[in-house]
Amino acid sequence: MNFIMKVKQQKITRVEAQRFLTAIVSIELERIEAERYAEPHAKTPGDWRNRYLDERARAIALRKVASMGPAAQLFEEDRSALTQEFTHDDAFERVERHIQFLTGSFDAAFTDETLDLAKAHITRSGFSDDDVRVLLQIRLTGTADAMTQSDRKNQTTPFVGLMPDLRSTEMINIPPLTSIKPSREGYDDSLDSLCQAYFSEGFKDSQDPAEQKKIAKDRRQNHAVLTQFCAAVGKKRLTDLQQQDLHFYVSVLERMPKVYGRSIKDRELSIMELLERAEELPDDEVGLSSATINRNLTILRNFLKYARGRGARPTEELFLSDLRRKDNSDERSARLAFTDSDVMKLAQHPIWTGCRSAERRNMPGNHVIKDGLYWGPIIAAASGARREEIMGLAIEDIVMDGPIPYILIQPNAVRRLKNASSHRAVPIHSRLMEHGFSDYVQELQERGEHDLFPDLRPGTPTETYGNVFYKPWKAALDMQLAEDANRKTFHSFRHRVISILRHDPEIDKASVKDLVGHRHEDVTDSVYRDPAKLLMLQRIVEAIPVVF
């Protein structure tokens, strides 16, 4: 039974077969074009007709050999069929000659060449004898297909399929983001035109650098999802979309690898190639999360809403809400809070106890480097602030010239905030002062720095300060907590702080929301309540146990 399952798993998949066939057709079409480019005009009509008939006979012979293998031959009943198709006397003999030549070519060299082509285009090796037989069939079929497509009776140049560029109406071709420009032209119902207009009008550039970064991120995400959707369903016009297309798209997302697109090679794979890769993965590595599927459906909903506003809509009503996935996991446990033990282990990492050097932060040594990697987790543990709120702080957001030093979490030149409630003042915990936070800020001011953590300044426009922080932080987290790091992230500091404060009976729960930037659920609190005074917030902050 295990042997049978192994053979079944290793056989050539339909997707691999399709990819190999496509590659063979492309290779053969290039060969035919090269031959015809160097081919002189026929001297007589008879010469041209002889070339034409010989190519047709070869295509028939290729299909016969692909079907029957080395034992291929023509039967008497084939004679009448060939006579009707060719309307000349020597058709039978022409095809027979090509069959004899092809069956005589079934040698080791031809097989090795076929395997080399398969390895290059299917990108795997270890083919069984059955695989080799099927690969030979596909190669012969692809060669025949190429000859049929290049039928010289229908070609006027060496270039097969040469025609005017009608891609804007013949296929989905969402342009790169850099080429999208506003247009005053009328709208039609082609997905191509609607997507171009949506990216142009729905994501207008901003003069604010931080806002522009957010707009660019949203535009890229919408572009990726809509491009993926169009590629998956294969529809060219909005009016052609049906509910079954949406259902199929969601089924594709549920069959995709959970992790993809992180390498250049991965990003070049088609939808079918990604699904093929998923076939080889364990079940727990396949299928996008409910949150991702629902996010993509929301992007589609917004796009359809935009199109409807332009007067374009599908012929039938679409019900996106019917396809949304319910997340059965407990939302609060999706990312767990750090325990006391977790924080104590983290505090023992060389980042805070002494490392070898700036390049070797995970190795014990005598250097305590006070930078973003050092301060970020301490600030989070002492305030419950979000990762990007902390890492994107500017020097001017740190207010020291008052009775209560505080961090002003506000929009700045490098990042926006999650919502209006996120704009707040957070008193600085005394533990940060004990670690020399005030001296750190003063030193940066004297150097003329703008960012609180200049070491986290992104190298590209698409990165954030939190992105730069993530990799070394994740390495430290995994090193200290090992298996206990599962489902724990930087956000786990925030969960810990909120949990501690909410379970303290002496702390006003509404003030906790002010501290961590949560919306007030009660209308009276959210509309009429003044933010808690800084002194009250300071008392709440000091109630947070900071292990660092």
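Description of the structure in this document. (Residues numbered from 1 in each chain as written. Predicted model: local features only at pLDDT ≥ 70, side-chain atom pairs only at ≥ 80, totals over all residues. Heavy atoms only, no water.)

### Re the nonpolar core
Threshold: Nine residue types can take part in a nonpolar core, namely buried Ala, Val, Leu, Ile, Met, Phe, Trp, Tyr and Cys, and a core is a set of them joined through side-chain atoms within 4.5 Å. Burial here depends on accessible area, computed with a 1.4 Å probe over protein chains only, as a share of the maximum for the residue type. Under 20% is buried, over 50% is exposed, and the range in between is partly exposed. The helix count covers DSSP runs of H or I at least four residues long, the strand count covers runs of E at least two residues long, and both are numbered beginning at the N terminus. Any pair of residues with heavy atoms lying within 4.5 Å of one another is described as a contacting pair.
The biggest cluster of nonpolar side chains holds 56 residues, and the ones touching the most others in it are Trp375, Phe437, Leu452, Trp473, Phe493 and Phe548. Element by element, the count of residues in this core is highest for helix H17 (residues 372-383), at eight residues. Among residues more than four places away in sequence, those in contact with phenylalanine 493 are Phe338, Leu346, Pro377, Ala380, Ala381, Trp473 and Phe548. With 38 residues, the next largest nonpolar core counts Leu226, Val250, Ile271 and Ala312 among its residues.

### So, the side chain of threonine 114
With respect to the element layout, threonine 114 can be found in helix H6 (residues 108-122). Of the residues examined, threonine 114 reaches a relative accessible area of 2% and is grouped as buried. Discounting chain neighbours no more than four positions away, the residues touching threonine 114 are Phe20, Leu135, Leu136 and Arg139.

### Description of the environment of leucine 269
Considering the arrangement of structural elements, one finds leucine 269 in the loop between helix H12 (264-267) and helix H13 (271-279). For leucine 269, the contacting residues outside a window of four places in its chain are Leu274 and Arg277.

### Quick word on the sheet that holds strand E4 (residues 406-409)
How we decide: Whether two strands pair depends on DSSP finding at least two bridges between them.
Spatial strand order, E3-E4-E5: three strands in an open sheet with antiparallel pairing. Edge positions in the open sheet fall to strand E3 (398-399) and strand E5 (424-427), since each of these has one partner strand only. In this sheet, E4 lies alongside E3 in antiparallel orientation, the contact comprising two bridges. Directly across from isoleucine 398, in E4, lies its bridge partner isoleucine 407.

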